[in-house]
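Okay, here's what each chain looks like letter by letter:
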Amino acid sequence: QVQLVESGGGWVQPGGSLTLSCVSYVRVANFNNMAWYRQAPGKQRELVARITPFGNTNYADFAKDRFTISRDDMKNRAYLHMSRLKPDDTAVYYCYADHLGTGYWGQGTQVTVSS
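A brief look at the structure comes next. From a predicted model like this one, the values you see are computed outputs, not experimental measurements.

### Points about the overall build of the protein
Assigned secondary structure in the protein consists of zero helices and 11 strands. The order of helices and strands in the protein, counted from the N terminus, is β-β-β-β-β-β-β-β-β-β-β. Against the 2.2 N^0.38 benchmark of 13 Å for 115 residues, the protein shows a C-alpha radius of gyration of 13 Å, consistent with a compact globule. Judged by the C-alpha coordinates and their principal axes, the protein covers about 40 × 25 × 25 Å. Per-residue burial for the protein yields a buried fraction of 43% across its 115 residues.

Following this line, the structure appears as structure tokens:
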């Protein structure tokens, strides 16, 4: 059973940076796409960024030029580096990974951007 665990969330002032990490403690051969989503209070979950096994990435418009997704397949990890954070980025951030056609979600990590 694949389990994803996020870490790295917390409180940051506007303009600050955070790096989120996602790890699978169950060794898997290869994840297909990995992604980060977020869900703000009262809003639907939305895609932040996605990365393919080949390293191709795509970003939501709000994430372009501020966020960077990466992955380390040897360590079964994905990362989301976020910079120039804004209060609107406040949300629970979820890791997602696709393995053999099944999607898996982490439990989420809270990111709060406020002064």
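Right, picking up where we left off after that structure.
### Remarks on the state of the cysteines
Counting across every chain of the model gives one disulfide. Note on cysteine connectivity: Cys22 is disulfide-linked to Cys95, with sulfurs 2.0 Å apart. Between Cys22 and Cys95, the disulfide has an S-S torsion of -75 degrees and is therefore left-handed. With Cys22 in strand S3 (residues 18–24) and Cys95 in strand S9 (residues 91–99), this pair connects stretches of sequence that are 73 residues apart. Cys95 gets classed as buried once you look at its relative accessible area, which sits at 0%.

### Some details on the pairing of strand S11 (residues 109–113)
The alternating pattern of S11 places Thr109, Val111 and Val113 on a buried face and Gln110 and Thr112 on a face that is not buried. With three bridges connecting them, strand S2 (residues 10–12) and S11 associate as parallel partners. Following the sheet pairing, Trp11 is matched in S11 by Thr112. Pairing of S9 with S11 involves three bridges; the strand directions are antiparallel. For Val92, the partnering residue across the bridge sits in S11 and is Gln110.

### With respect to the sheet that holds strand S7 (residues 67–72)
The pairing of strands in a sheet happens through backbone hydrogen bonds and is either parallel or antiparallel. Strand order in the open sheet formed by four strands is S1-S3-S8-S7, and the pairing between neighbours is antiparallel. The two strands at the open ends of the sheet, each matched to only one other strand, are strand S1 (4–7) and S7. Ignoring strand direction, the axes of neighbouring strands in this sheet form an average angle of 15 degrees. When S1 meets S3, the two strands line up antiparallel, connected through four bridges. Counted as the bridge partner of Ser7 is Ser21 from S3.

Conventions adopted
Residues numbered from 1 in each chain as written. Predicted model: local features only at pLDDT ≥ 70, side-chain atom pairs only at ≥ 80, totals over all residues. Heavy atoms only, no water. Helix = DSSP H or I, 4+ residues; strand = E, 2+ residues; numbered from the N terminus. Rg over C-alpha atoms; globule rule 2.2 N^0.38 Å. Buried < 20%, exposed > 50% of the residue type's maximum accessible area, 1.4 Å probe, protein only. Disulfide = S-S within 2.5 Å. Pairing = 2+ DSSP bridges. Axes fitted to C-alpha atoms, helices over the stretch in contact; angles between N-to-C directions.

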